[in-house]
Amino acid sequence: MSDLVLELRNVTRIHGKGEVAVHALRGVSLQVRAGELVAVMGPSGSGKSTLLNLAGGLDAPTSGEVVVEGVVLGRMNRRELAAVRRRRVGYVFQDLNLLPSLTAAENGVRLRRVRATAMAALEEVGLAHLAHRFPDEMSGGQQQRVAIARALVGDRRLILADEPTGALDSQTGEAVLKLIRARVDAGAAGVLVTHEARHAAWADRVIFLRDGCIVDTSGPLPGAESLLVPGQTG
Amino acid sequence: MVRVGRRATAPDRPEPTQPPGSTPPPYDPTAYDPTAYDPAAYDPAQPVDPVLSVDPTAQSDSRGCAIHTRYAYCVAMSVRHGLLALLERGPRYGYQLRAEFERTTGGTWPLNIGQVYTTLARLERDGLVRALPENDGGQRPYEITPAGRAELALWFASPIERGDRPRDELAIKLALALTTPGVDVRAVVQTQRTATVRTLQELTRLKGRDPGGREDMAWRLVLESMVFQAEAEVRWLDHCEAALARFAATPAPLDGAAPAANLAAAPEPELAAESTVDGPSQVARGTR
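Criteria and thresholds
Residues numbered from 1 in each chain as written. Chains lettered and ligands numbered in written order. Predicted model: local features only at pLDDT ≥ 70, side-chain atom pairs only at ≥ 80, totals over all residues. Helix = DSSP H or I, 4+ residues; strand = E, 2+ residues; numbered from the N terminus. Buried ≥ 20, exposed ≤ 12 C-beta atoms within 10 Å, placed from the backbone. Contact = placed C-beta atoms within 7 Å. Expected span 1.5 Å × (residues − 1). Core = buried A, V, L, I, M, F, W, Y, C linked by C-beta atoms within 7 Å. Axes fitted to C-alpha atoms, helices over the stretch in contact; angles between N-to-C directions. Parallel < 35°, antiparallel > 145°, perpendicular 65-115°, else oblique. Left-handed = near helix turned anticlockwise from the far one by under 90°. Nonpolar A, V, L, I, M, F, W, Y, C, P; charged D, E, K, R; others polar. Pairing = 2+ DSSP bridges. pLDDT = per-residue confidence, 0-100.

1. Things to note about the overall build of chain B
In step 1: When its secondary structure is counted, chain B shows nine helices and two strands.
In step 2: Scanning chain B from its N terminus toward the C terminus, one meets helices and strands in the order α-α-α-β-β-α-α-α-α-α-α.
In step 3: Buried residues in chain B amount to 31% of all 288 residues.
In step 4: Considering only contacts in chain B between residues 6 or more positions apart, those separated by 24 or more positions represent 58%.

Here is the structure:
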């Protein structure tokens, strides 16, 4: 059995049409295996968030395929897609997306019968004791940990994080990354979008996006390749 | 009383290459000769520069941490005062000093024993340490003198001035890349950023464990200093890339220079069309 959890096959995403068309991604291919955390870096508008939205089935590619655990998302109907998003993919966003009228445990999961799963996830992030608090009764760091607990609820094999450390201070941000790292080490696959190199450094692989293309990864350096082109010097 | 704000005396520092009173020659980008450097001429068997105090052949330490050359100069002064600080704990001989220095810095700054003895000899010459009689094992311990103690106190009390740090080779390299025809600046930026992020990844892996004792904490703080410096470098490289992209998008100035010429991997075709030299296709290393 393949341990490939996420695969992007030559994915292109164009927003708009004609003269106003924006090429958010241009033929991007990417594989993320179980136990692997991949960080995506790049300037604003380079396609980082588009890549994450496509990986999580929140957006559909203009061409190419997105495969999550062997299933091509483009071949699913809306109901099947929703099920994948709900059961297999965990999202951590910068703006938390906690529901203010629900407690931490309820935010974790809104079905009574799986409340125990939510409590387990809160325990994993060290917040079981705050299970009955509402978001506005918790600090930013605690809220973010609840958001991560939500992403980790159940047996989710793909964790997608978009600037998860947001405005958190460096210590709290690091704690959040350690949680994601731990879940990935336990067998999930993770994609972390960030513009902070210090956070990207928690990943096994860092890919750089520019203008919708992957321009480099932090794999081994190529050979002693000259940056100077013969005949152009002097 | 210790005067804060002025750094400690540094007899080990290299003499400036410019004679006093002379003015440096004007900057001439055309004087740059990329062929002048001959890697074959580098001989690792040559003695290590005691001023730089870092073994250039030591690419990694026992924990697998890549050593960044920009830290070399910091070590130069740290070795001198680091040895004084260790001797403040009590008399020690060379190998003990080396082991303790490396433990404190977590092995991120490996020393060779020759550097330790060279530094000890200079410290003794300057009256900051004193050699004791050899012990039964034939090792000669050193102890700190009152003058050494004063020097150490002055070092702790003085900030390290930015001007005392080495000129940043990377900044110079980018400046030269931008002004040397035929260099793909974006590739230079990207290559450096990838390498620096890789260093960051290694440092992050190293600091994964939680600190135990005081020495662990010391080592962790050293690591985090390297993390923050590497992060700053990546942010600066991001800034350079954005600034160069904006610069390439502006019309060529009247002096005939071609802003886009060195920015070979220009994202949009219309940028390439602005290039007044032979065109980006000939200088582009392209995307990997």
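2. Considering the overall build of chain A
In step 1: Secondary structure summary: chain A contains seven helices and 10 strands in total.
In step 2: The 234 residues of chain A split such that 43% are buried.
In step 3: The long-range share in chain A, meaning contacts at least 24 apart out of those at least 6 apart in sequence, stands at 68%.

3. As for helix 5 (residues 140-152) of chain A
Residue and element names in this part refer to chain A.
In step 1: With 13 residues, helix 5 should cover 18 Å at 1.5 Å per step; its first-to-last C-alpha distance of 18 Å lies within 8% of that length.
In step 2: Here helix 5 lies mainly inside the structure; 10 of its 13 residues are buried.
In step 3: Regarding helix 5, the residues found buried are Gln143, Gln144, Arg145, Val146, Ala147, Ile148, Ala149, Arg150, Ala151 and Leu152.

4. A short note on the nonpolar core
Side chains of a nonpolar character, in soluble globular proteins, are inclined to be buried together.
In step 1: By size, the foremost hydrophobic cluster in this structure holds 83 residues, and its most contacted members are A:Val40, A:Ile180 and A:Leu192.
In step 2: With 11 residues, helix 7 (residues 214-249) of chain B is the single largest residue contributor to this core.
In step 3: In contact with A:Val40, other than residues within four places in its own chain, are A:Lys48, A:Leu51, A:Val191, A:Leu192, A:Val193, A:Ile207 and A:Leu209.
In step 4: Ranked by size, the runner-up nonpolar core spans 18 residues in total, among them B:Leu84, B:Val116, B:Leu120 and B:Tyr142.

5. Considering the packing of helix 6 (residues 185-206) of chain B against helix 7 of chain B
All names here are of chain B.
In step 1: At their nearest, the axes of helix 6 and helix 7 sit 9 Å apart, and the two run at 160° to each other. The pairing of helix 6 with helix 7 is recorded here as roughly antiparallel in orientation. As for how helix 6 packs across helix 7, the hand of that crossing is left-handed. Along the contact surface, helix 6 presents Val185, Arg186, Val189, Gln192, Arg193, Thr196, Val197, Thr199, Leu200, Leu203, Thr204 and Leu206, while helix 7 presents Leu223, Met226, Val227, Ala230, Glu231, Glu233, Val234, Leu237, Cys240, Glu241 and Leu244.
In step 2: Among the residues making up the contact of helix 6 with helix 7, the classes are represented as 14 nonpolar, four polar and five charged.

6. Describing unusual backbone geometry
Residues and elements named next belong to chain A.
In step 1: In the Ramachandran plot, Glu163 falls in the positive-phi region, its phi being about 45° despite a non-glycine side chain.
In step 2: If you trace the backbone, Glu163 turns up in the loop between strand 7 (158-162) and helix 6 (170-185).
In step 3: Residue Asp211 is not a glycine yet carries a positive backbone phi of 50°.
In step 4: Asp211 gets classed as buried once you count the C-beta atoms within 10 Å, which come to 20.

7. Topic: the pairing of strand 10 (residues 213-217) of chain A
All names here are of chain A.
In step 1: Where strand 9 (residues 205-210) and strand 10 come together, four bridges link them in antiparallel fashion. Counterpart to Ile207 in the pairing with strand 10 is Thr217.
In step 2: Hairpin connection of strand 9 to strand 10: two residues between the antiparallel strands, including Asp211 at a positive phi of 50°.

8. Observations regarding the environment of A:Ala149
In step 1: Among the structural elements, A:Ala149 can be located in helix 5.
In step 2: Residues A:Ala149 and A:Gly126, spaced 23 residues apart in sequence, show a C-alpha to C-alpha distance of 9.4 Å.

9. Notes on the sheet that holds strand 4 (residues 63-68) of chain A
All names here are of chain A.
In step 1: Read from one edge of the open sheet, four strands run 2-1-4-5, paired in antiparallel fashion. With one partner strand each, in any of the chains shown, strand 2 (22-33) and strand 5 (71-72) form the two edges of the open sheet.
In step 2: In the sheet, strand 4 pairs with strand 5 via two bridges, with the strands oriented antiparallel. For Val67, the partnering residue across the bridge sits in strand 5 and is Val72.
In step 3: Together, strand 1 (4-15), strand 2 and strand 4 form the strand contacts of helix 1 (residues 48-55), whose direction differs from that of strand 1 by roughly 125°.

10. Side note on the sheet that holds strand 10 of chain A
All names here are of chain A.
In step 1: Spatial strand order, 6-7-8-3-9-10: six strands in an open sheet with mixed pairing. What marks the edges here is a single partner per strand, and that holds for strand 6 (89-92) and strand 10. In this sheet, neighbouring strand axes are inclined to one another by 20° on average, regardless of whether the strands run parallel or antiparallel.
In step 2: Judged from the four bridges that link them, strand 3 (residues 37-41) and strand 8 (residues 189-193) form a sheet pairing that is parallel.

11. A word on the packing of helix 5 of chain A against helix 6 of chain A
All names here are of chain A.
In step 1: Axis separation between helix 5 and helix 6 bottoms out at 10 Å; the angle between their running directions is 10°. Compared by their axis directions, helix 5 and helix 6 come out roughly parallel. Residues Gly141, Gln144, Arg145, Ile148 and Leu152 of helix 5 lie in contact with helix 6, whose contacting residues are Thr172, Val176, Leu179, Ile180 and Arg183.
In step 2: When the residues that make up the contact of helix 5 with helix 6 are grouped by side-chain class, the tally is five nonpolar, three polar and two charged.

12. A word on the pairing of strand 9 of chain A
Residues and elements named next belong to chain A.
In step 1: Among the six residues that make up strand 9, five are buried, leaving the element largely enclosed by the rest of the structure.
In step 2: As paired elements, strand 3 and strand 9 share four bridges and run parallel to each other. Counterpart to Val40 in the pairing with strand 9 is Ile207.

13. A closer look at the environment of B:Thr119
All names here are of chain B.
In step 1: Its place among the elements puts Thr119 in helix 3 (residues 113-125).
In step 2: Separated by 36 residues in the primary sequence, Thr119 and Leu83 place their C-alpha atoms 8.4 Å from one another.
In step 3: Among all residues touching Thr119, those that are not within four sequence positions of it are Val79, Arg80 and Leu83.

14. Focus on the environment of A:Arg205
All names here are of chain A.
In step 1: As for its placement among the helices and strands, Arg205 is situated in strand 9.
In step 2: Look at Arg205 and you get partly exposed, because 17 C-beta atoms sit within 10 Å.
In step 3: As for Arg205 and Thr217, which are separated by 12 residues in sequence, their C-alpha atoms are 6.8 Å apart.

15. What to know about the confidence of the model for chain B
Residue and element names in this part refer to chain B.
In step 1: With 56% of its residues at a pLDDT of 70 or more, chain B has an overall mean of 68.
In step 2: Counted against residues more than four places away or in other chains, residues 1-73, with its pLDDT under 50, gives 78 contacts.
In step 3: Every residue in residues 264-288 is under pLDDT 50, and counting partners more than four places away or in other chains gives 45 contacts.
In step 4: What the predictor reports for the complex is a pTM of 0.64 with an ipTM of 0.71.

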